[in-house]
Amino acid sequence: TDDNSFFADNVHGSKGKIVDSEFVSRGNHGFVVIGPGTDPLRLIRCKLRGVASDIHHGGKDADVVLQDCDFRKDKISFNQLNGEIVIKWSVEFSVKDKKGAPQSNALVTAASHEDCGKPETVSGRTGSDGKVTLILTEFVASPFNPSRLDVVNNSTPHELQVSIDK
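Definitions and limits used
- Residue indices begin from 1 for each chain and proceed along its sequence in written order.
- Reporting of local features is limited, given that this is a predicted model, to residues whose pLDDT is at least 70; pairs of side-chain atoms are given and counted only at 80 or more, and all residues count toward the totals for whole chains, interfaces and linings.
- Side-chain metrics in this entry use all non-hydrogen atoms of the structure; hydrogen atoms and water are not considered.
- Only strands that DSSP links by at least two bridges are regarded as paired with each other.
- Going along the chain from the N terminus, every DSSP run of H or I of four or more residues is numbered as a helix, and every run of E of two or more is numbered as a strand.
- In this scheme Phe, Tyr and Trp rings, the latter by its six-membered ring, pair at centre separations within 6.5 Å, and the angle between planes marks the pair as stacked below 30 degrees, edge-to-face above 60, and tilted otherwise.
- Working definition: with a 1.4 Å probe on protein chains only, accessible area under 20% of the residue-type maximum means buried, over 50% means exposed, and in between means partly exposed.
- Throughout, nonpolar core names a set of buried Ala, Val, Leu, Ile, Met, Phe, Trp, Tyr and Cys residues whose side chains join them through atoms within 4.5 Å.
- The contact rule is simple, with two residues in contact once any of their heavy atoms fall within 4.5 Å.
- Axis definition: a line fitted to C-alpha atoms, limited for helices to the stretch in contact. Angles are taken between N-to-C directions and run from 0 to 180 degrees.

Chemist: How would you sum up the sheet that holds strand 8 (residues 63-67)? Please name residues and give values.
Modeler: Taken together, the five strands give an open sheet; going across it, the order is 2-5-8-10-13, and neighbouring strands pair in mixed fashion. Strands at the two margins of the open sheet, each flanked by one partner only, are strand 2 (18-19) and strand 13 (131-141). Relative to strand 5 (residues 41-44), strand 2 runs parallel, the two sharing two bridges. The partner of Ile18 across the bridge, within strand 5, is Leu43.

Chemist: Describe in detail the packing of aromatic side chains, supporting the description with residues and values.
Modeler: Where two aromatic rings form a pair, the distance of their centres and the angle of their planes describe that pair. Taken as a whole and assessed by the stated rule, the structure comprises three aromatic pairs. On the basis of an interplanar angle of 55 degrees and a centroid distance of 5.1 Å, the ring pair of Phe6 and Phe23 is categorised as tilted. Here Phe23 lies in strand 3 (residues 22-24) and Phe6 lies in strand 1 (residues 6-9), a separation of 17 residues in the sequence. For Phe6, a relative accessible area of 33% translates into the label partly exposed. Pairing Phe23 with Phe31 gives two aromatic rings, centres 5.0 Å apart and planes at 75 degrees, and the pair type is edge-to-face. Neither residue differs from the other here; Phe23 and Phe31 are each classed as buried.

Chemist: Explain the nonpolar core residue by residue, including any values.
Modeler: With 22 residues, the main nonpolar core has Phe31, Leu43, Leu48, Leu66, Ile76 and Ile85 as its most contacted residues. For this core, the secondary-structure elements that each account for two or more residues are strand 4 (29-34), strand 5, strand 8, strand 9 (76-78), strand 10 (84-94) and strand 13. With three residues, strand 10 is the single largest residue contributor to this core. Ignoring any residue separated from it by four or fewer positions in sequence, one finds Leu43 in contact with Ile18, Phe23, Phe31, Leu48, Val64, Val65, Leu66, Gln67 and Cys69.

Chemist: Give me the lowdown on the sheet that holds strand 14 (residues 158-163), citing residues and values where you can.
Modeler: Taken in spatial order, the three strands of this open sheet run 12-11-14, and their pairing is antiparallel. For this open sheet the edge positions go to strand 12 (121-125) and strand 14, each flanked by a neighbour on one side alone. Within this sheet the neighbouring strands show an average axis-to-axis angle of 15 degrees, counted without direction. Two elements, strand 11 (residues 107-112) and strand 12, share five bridges in a ladder whose sense is antiparallel. Opposite Ala111, over in strand 12, you have Thr121 as the bridge partner.

Function cannot be read off these values alone, since they describe shape.
As structure tokens, then:
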């Protein structure tokens, strides 16, 4: 509708997610979501592009999570005063001992800073390769703060703590 690539209406995020897809439109919006679904709609590793916006929030309290998606941070739009779009990134951490060998079973904890938009603490343990991937929130777009001024994707605003069991 209205030259949009995809229109999601009343989607219940707990019933599915959209992964590795492209929503590219020469019209208004790349992806349009309107609620009120019961759980956030999750888009993972998707490409979103439109002329007016890459993702457009049509209202009715819909919530969306963009994880590792290709979009322009200055191309998020809202036409109601409700709902949110949470921007998350998968970040891989590597822990090594003093000799440079991978440290397995290390607990890596990331706690968000204020400019993230949502308080969160995310933890995970490293595998035998000394690596762990955490999914961290960069920011929360809302009708009152629809986009970031820094158009390029920067690192997530978190503080790290690493604990090694002895």
